[in-house]
Amino acid sequence: DDLVRLADAIETAETAVAVTGAGISAPSGVPTFRGDDGVWDRFDEGQFSYGRFRRDPEGFWADRVDLQRELFDGEYAPNAAHEALAELGRDGHLDAILTQNTDGLHGDAAESVLDRPTDESGGDEPPIVELHGNARRVRCADCGKRIAAEPIFDRAADGNLPPTCDCGGTYRPDVVLFGEQLPGAVIQRARSLARESDVFLAIGSSLVVEPAASLPRLAASSGATLGIVNLEPTPCDGVADVIRRDDVVEVLPELRSLVEAP
Ligand code: OAD
């Protein structure tokens with residue numbers, strides 16, 4: 001069937017690339033932004049804009065503490081879909097994972113599948129490109145120092161607003177805020193990976209937020225086989241070769257099992 005075709009394309013591809021969104025982390029208990037019970041039904045995107053951070057850092061941080069709690073409540077761990085992608089990467093079948101997620105779960109899955117920290121790597125695993133940054137870190141808006149987010153969020157939750165760095169600057173989440181541009185180099189890298197790919201997978205994303213939204217079309221128009229796995233229809237379905245509207249934890253392990261290990 002369709003999934004066998006996609007697996008065959010992955011096996012013969014020189015370059016295979018995946019873009020992922022909140023849907024891949026939904027089975028790990030991280031809520032999505034849109035769709036059923038989406039975070040943007042309960043929060044207003046405007047609360048988390050770069051302009052608000054600049055204008056009203058205290059208010060921004062007060063709301064951000066609530067959002068962080070909503071997104072990353074308690075323990076959350078990579079699921080079978082993250083693991084399937086990590087295994088495809090380990091086995092040389094996936095060359096990059098571009099993710100819109102800031103939860104760090106692709107990195108966790110890579111470490112557990114490779115059984116070692118990825119930053120001590122021999123460099124053989126595929127890069128994970130975090131298009132929107134990583135919410136487990138904050139960085140100083142002035143000096144740029146990056147540190148773990150958790151103690152800073154604890155400080156902010158205790159009413160220490162806004163949290164500041166030793167240099168006197170204000171900390172901000174190490175993520176792309178609304179109204180902020182992604183670094184040009186990151187966009188260029190994502191676009192050239194999409195253009196080079198022979199297989200492009202779009203997984204668990206509504207594909208409505210740029211730049212991820214244009215990558216599937218770019219890949220397809222450059223000749224890639226495009227596979228989409230998402231519960232709901234997306235604006236890119238019309239150019240896809242294979243569409244599965246099922247749960248990522250069903251489809252990705254199956255896809256991975258259909259691709260022969262080297
Ligand atoms: P969305 O919340 O827009 O879309 C998630 C998609 O995943 C929806 O279309 C769901 O149908 C689908 N989905 C949910 N659970 C699934 C499952 N178990 N299996 C398969 N599909 C499932 O999330 P993104 O596309 O990632 O930006 O959103 C993109 C960006 O919008 C986010 O990175 C964030 C947000 O505003 C920033 O924070 C900058």
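Higher on the page you've got the structure.
Residues numbered from 1 in each chain as written. Predicted model: local features only at pLDDT ≥ 70, side-chain atom pairs only at ≥ 80, totals over all residues. Heavy atoms only, no water.

Asks: Which parts of the structure should I look at to understand the packing of aromatic side chains?
Replies: Under the definition given, this model contains nine aromatic pairs. Arranged with centres 5.9 Å apart and planes meeting at 55°, the rings of phenylalanine 43 and phenylalanine 48 form a pair that is tilted. We classify phenylalanine 48 as buried; its relative accessible area is 1%. Grouped by ring-pair contacts, the aromatic residues Phe33, Trp40, Phe43, Phe48 and Phe178 constitute a single cluster. (Phe/Tyr/Trp six-rings, centres within 6.5 Å; stacked < 30°, edge-to-face > 60°. Buried < 20%, exposed > 50% of the residue type's maximum accessible area, 1.4 Å probe, protein only.)

Asks: For this particular structure, what's the right way to read the pattern of salt bridges?
Replies: For the coordinates displayed, the defined rule picks out 18 salt bridges. Its salt-bridge partner being arginine 256, residue glutamate 87 comes within 2.6 Å of it at the nearest N-O pair. Here the residue glutamate 87 occupies a position in helix H5 (residues 80-90), and arginine 256 occupies one in helix H10 (residues 248-258), the gap between them amounting to 169 residues. Residue class for arginine 256 comes out buried when judged on its relative accessible area of 16%. The salt bridge partner of arginine 245 is aspartate 237, with a shortest N-O separation of 2.7 Å. Residue classification places aspartate 237 among the buried positions, given a relative accessible area of 13%. Put simply, Glu87, Arg90, Asp91 and Arg256 are held in one network by salt bridges that share partners. (Salt bridge = Lys/Arg side-chain N within 4 Å of Asp/Glu carboxyl O. Helix = DSSP H or I, 4+ residues; strand = E, 2+ residues; numbered from the N terminus.)

Asks: Would you explain the site of the ligand in this entry?
Replies: What surrounds the ligand is a group of 24 residues, the closest being Phe33, Arg34, Ser205, Ser206 and Glu232. Take serine 205: an N or O atom from its side chain is 2.7 Å from an oxygen atom of the ligand. In the environment of the ligand, an oxygen atom lies 2.7 Å from a nitrogen or oxygen atom belonging to the side chain of glutamate 232. Here the ligand, which alone exposes 810 Å², has 93% of that area covered by the protein. (Near = heavy atom within 4 Å. Polar contact = N/O pair within 3.5 Å; in protein donor to acceptor, adjacent residues only side chain to side chain. Areas by Shrake-Rupley, 256 points an atom, 1.4 Å probe, with all protein chains shown as cover.)

Asks: Explain the sheet that holds strand S6 (residues 171-175) to me, please; I cannot follow it from the model alone.
Replies: Strand pairing in a sheet relies on backbone hydrogen bonds, with the paired strands running either antiparallel or parallel. Taken in spatial order, the three strands line up as S5-S4-S6 in an open sheet, and their pairing is antiparallel. Two strands in the sheet have a free side with no partner beyond their single neighbour: strand S5 (146-148) and S6. With strand direction ignored, the average angle separating the axes of adjacent strands in the sheet is 45°. Where strand S4 (residues 133-140) and S6 come together, four bridges link them in antiparallel fashion. Each residue of the ladder has a partner; that of arginine 139, found in S6, is arginine 172. (Pairing = 2+ DSSP bridges. Axes fitted to C-alpha atoms, helices over the stretch in contact; angles between N-to-C directions.)

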